[in-house]
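Analysis of the macromolecular model
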Amino acid sequence: MASQDFVVRRVQAFCYRYPLSTPVVTSFGRMLDRPTVFVRVEDADGYVGWGEVWANFPAPGAEHRTRIVNDILAPLVEAVAAGSPHDVFERLTQRTAVLALQCGEPGPFAQAIAGIDIALWDLHAKRQGLPLWRMLGGERPTIRVYASGINPTGSRAMAEAALRRGHRALKLKIGFDPAADRANLASLRALLGSGFLATDANQAWSLEQAIVHAPALEEFNLAWLEEPIRADRPWPEWQALRKASRVPLAAGENVAGHAAFAQVIGGDVLEFVQPDVAKWGGLTGCAEVARSILASGKTFCPHYLGGGIGLLASAHLLAGIGGDGLLEIDANDNPLRDDFCGPVAKVTDGTITLTDLPGLGIDPDFAPAAAYRTL
């Protein structure tokens, strides 16, 4: 075994759910609680890394993804020597490709692998004694952020609370009643003045609807319009929408695989590309994609809506890769995010600053979240 290799001793996933008093609302559904799947990886030398699996939808999906990690993926890598997290990512992807296809679940498998990959990068950076953002090539630990997940009801109050917490940039959920969407946008534009305001339609519209609605949003001087149509619509539909409106387009959270990202990065349809480290690729896949985004002249803005460890990993990725993008921070109530995201919880004048501690820079204490654990 080469001196830089490590041996994976144990992989474990843990599932939590935080009940919400106010649901998180999107154009396609509501979240009544905040599910989170954290992943712990330990190597034979005692180093420990932490990751997170995307698990927002469907409602019972978090426990299922936890079992995929513990029952299927963990036995494939425990006691295996690897030179880098990339080696493990490729092993897991290749060894489960047919199974994921057979059971019609490429998404959950990719998400579970991503969570393990994040944990391995945390562990790998700790072994090197480096903060993850620096290991990824970063030069400065401070990045810009924006508050997202602002609901269509009570949006002004949510926005004002986010500004009090130090945010200077906001993203509103739209794709509901057009008149209500416009009223909310007018209210937030008045609140922000000329400041950063983006929108997310969560794939709400058909192309025909989007061609009507998107140009009507131009007066609000939006930073971007995110996922106005389904992410899997034929690329000519996205091209047609781009020609129909001057509002910059953003997407990426529902794109998976290098070939798919190559398409959205190429051409002039998207100005902002938003891979999600816990949904596909982990840091292994998304770091490569992020570098391609910057090389294309587009803006890399990591998507994230989940618990704190995945959010912190997204911050390290953005700081490590660089560029002028912003980190997404959900504005809704979620202690499974706030208690485990380290310095990302402290927003100052629209920015956060990561530490110089090795890896992700946290040693999470899950005792306060014990009541929320389901598996």
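Residues numbered from 1 in each chain as written. Predicted model: local features only at pLDDT ≥ 70, side-chain atom pairs only at ≥ 80, totals over all residues. Heavy atoms only, no water.

**Side note on the layout of surface pockets**
Estimates place the volume of the largest pocket at around 360 Å³. Pro106, Phe109, Ala110, Ala256 and Trp280 are, among the 20 residues lining the largest pocket, the residues nearest its centre. At seven residues, the largest contribution of residues to the lining of the largest pocket is made by helix α2 (residues 85-102). Here the residues of the lining of the largest pocket sort into 11 nonpolar, six polar and three charged. (1 Å grid on protein atoms, 1.4 Å probe; cavity = no way out; pocket = protein on both sides within 12 Å on 5 of 7 lines; lining within 4 Å. Points joined across faces, edges and corners; volume = space filled by probe spheres on them. Helix = DSSP H or I, 4+ residues; strand = E, 2+ residues; numbered from the N terminus. Nonpolar A, V, L, I, M, F, W, Y, C, P; charged D, E, K, R; others polar.)

**Focus on the pattern of salt bridges**
This structure, assessed with the given rule, holds 21 salt bridges. The closest approach of N and O atoms between aspartate 33 and arginine 17, which form a salt bridge, is 3.0 Å. Highlighted residues: aspartate 33 in strand β2 (residues 29-43) and arginine 17 in strand β1 (residues 6-26), separated in sequence by 16 residues. The partner of aspartate 338 in a salt bridge is arginine 337, with the nearest N and O atoms 2.9 Å apart. Under the relative-accessibility criterion, aspartate 338 is labelled partly exposed at 38%. (Salt bridge = Lys/Arg side-chain N within 4 Å of Asp/Glu carboxyl O. Buried < 20%, exposed > 50% of the residue type's maximum accessible area, 1.4 Å probe, protein only.)

**Topic: the nonpolar core**
If you look at the biggest cluster of nonpolar residues, it comprises 89 residues, and the most contacted ones within it are Leu217, Leu225, Leu270, Leu317, Leu327 and Val344. Ranked by residues supplied to this core, first place goes to helix α11 (residues 308-321) with nine residues. Once you skip the residues sitting within four places of it in the chain, leucine 270 turns out to touch Trp235, Trp238, Leu249, Ala250, Ala251, Val264 and Lys298. Counting residues in hydrophobic clusters, the runner-up holds 29 residues, among them Val8, Ala13, Ala62 and Ile113. (Core = buried A, V, L, I, M, F, W, Y, C linked by side-chain atoms within 4.5 Å. Contact = heavy atoms within 4.5 Å.)

**So, the packing of helix α1 (residues 61-77) against helix α3 (residues 106-128)**
When two helices pack together, their arrangement is captured by the angle between the axes and the distance separating the axes. Between α1 and α3, the least distance of the axes is 9 Å, while the angle of their chain directions is 70°. The angle between the axes of α1 and α3 places the two elements in the roughly perpendicular class. Across the interface between the two elements, Arg65, Ile68, Val69, Ile72 and Leu73 from α1 touch Pro108, Phe109, Gln111, Ala112, Ile113 and Ile116 from α3. Here the residues of the contact of α1 with α3 are counted per class, giving nine nonpolar, one polar and one charged. (Axes fitted to C-alpha atoms, helices over the stretch in contact; angles between N-to-C directions. Parallel < 35°, antiparallel > 145°, perpendicular 65-115°, else oblique.)

**Remarks on the sheet that holds strand β4 (residues 81-82)**
Within the open sheet, the four strands sit side by side as β3-β2-β1-β4. Their pairing is antiparallel. Of all the strands in the sheet, the pair left with one neighbour each is β3 (48-53) and β4. Pairing of β1 with β2 involves 14 bridges; the strand directions are antiparallel. Its bridge partner lying in β2, cysteine 15 is registered against valine 37. The strands touched by α3 are β1, β2 and β3; relative to β3, the strand with the most contacts, the crossing angle is about 155°. (Pairing = 2+ DSSP bridges.)

**As for the packing of helix α7 (residues 207-216) against helix α8 (residues 235-244)**
For the pair α7 and α8, interaxial distance at closest approach is 9 Å and the crossing angle is 25°. One element, α7, and the other, α8, form an angle in the roughly parallel class. Both α7 and α8 take part in a crossing whose hand is right-handed. Contact with α7, carried on its side by Leu207, Ala210, Ile211, Ala214 and Pro215, involves Glu237, Ala240, Leu241 and Ala244 of α8 and no other residues of that element. For the contact of α7 with α8, a count of residues per class yields eight nonpolar, no polar and one charged. (Left-handed = near helix turned anticlockwise from the far one by under 90°.)

**Quick word on empty space enclosed by the protein**
A full pass over the atoms with the stated rule returns one cavity of 30 Å³ or more. Of the pockets and cavities examined, the largest cavity occupies roughly 30 Å³. If you go around the largest cavity, the residues you meet are Pro35, Glu52, Val53, Trp54, Ala55, Asn56, Tyr304, Leu305 and Gly306. Looking at side-chain class alone, the lining of the largest cavity contains six nonpolar, two polar and one charged residues.

**Topic: the packing of aromatic side chains**
The relative placement of two aromatic rings is captured by the distance of their centres and the angle of their planes. Following the criterion strictly, the structure yields 14 aromatic pairs and no others. On the basis of an interplanar angle of 25° and a centroid distance of 6.1 Å, the ring pair of tryptophan 235 and tryptophan 238 is categorised as stacked. Here the residue tryptophan 235 and the residue tryptophan 238 both occupy positions in helix α8, the gap between them amounting to three residues, near one helical turn. Between phenylalanine 261 and tryptophan 280, the ring centres sit 5.8 Å apart and the planes meet at 40°, which makes this aromatic pair tilted. Residue phenylalanine 261 is located in helix α9 (residues 258-265), and its partner tryptophan 280 is located in the loop between β10 (272-273) and α10 (282-295); the two are separated by 19 residues in the primary sequence. On the basis of relative accessible area, phenylalanine 261 is assigned to the buried category, the value being 1%. The class of tryptophan 280 is buried, set by a relative accessible area of 12%. Taken together, Tyr16, Phe38, Trp50, Phe340 and Phe366 form an aromatic cluster joined through their ring pairs. Over the face of the ring belonging to tryptophan 54 we find lysine 279, whose NZ or CZ atom lies 4.2 Å from the ring centre. (Phe/Tyr/Trp six-rings, centres within 6.5 Å; stacked < 30°, edge-to-face > 60°. Lys NZ or Arg CZ within 6 Å of the ring centre and 35° of its normal.)

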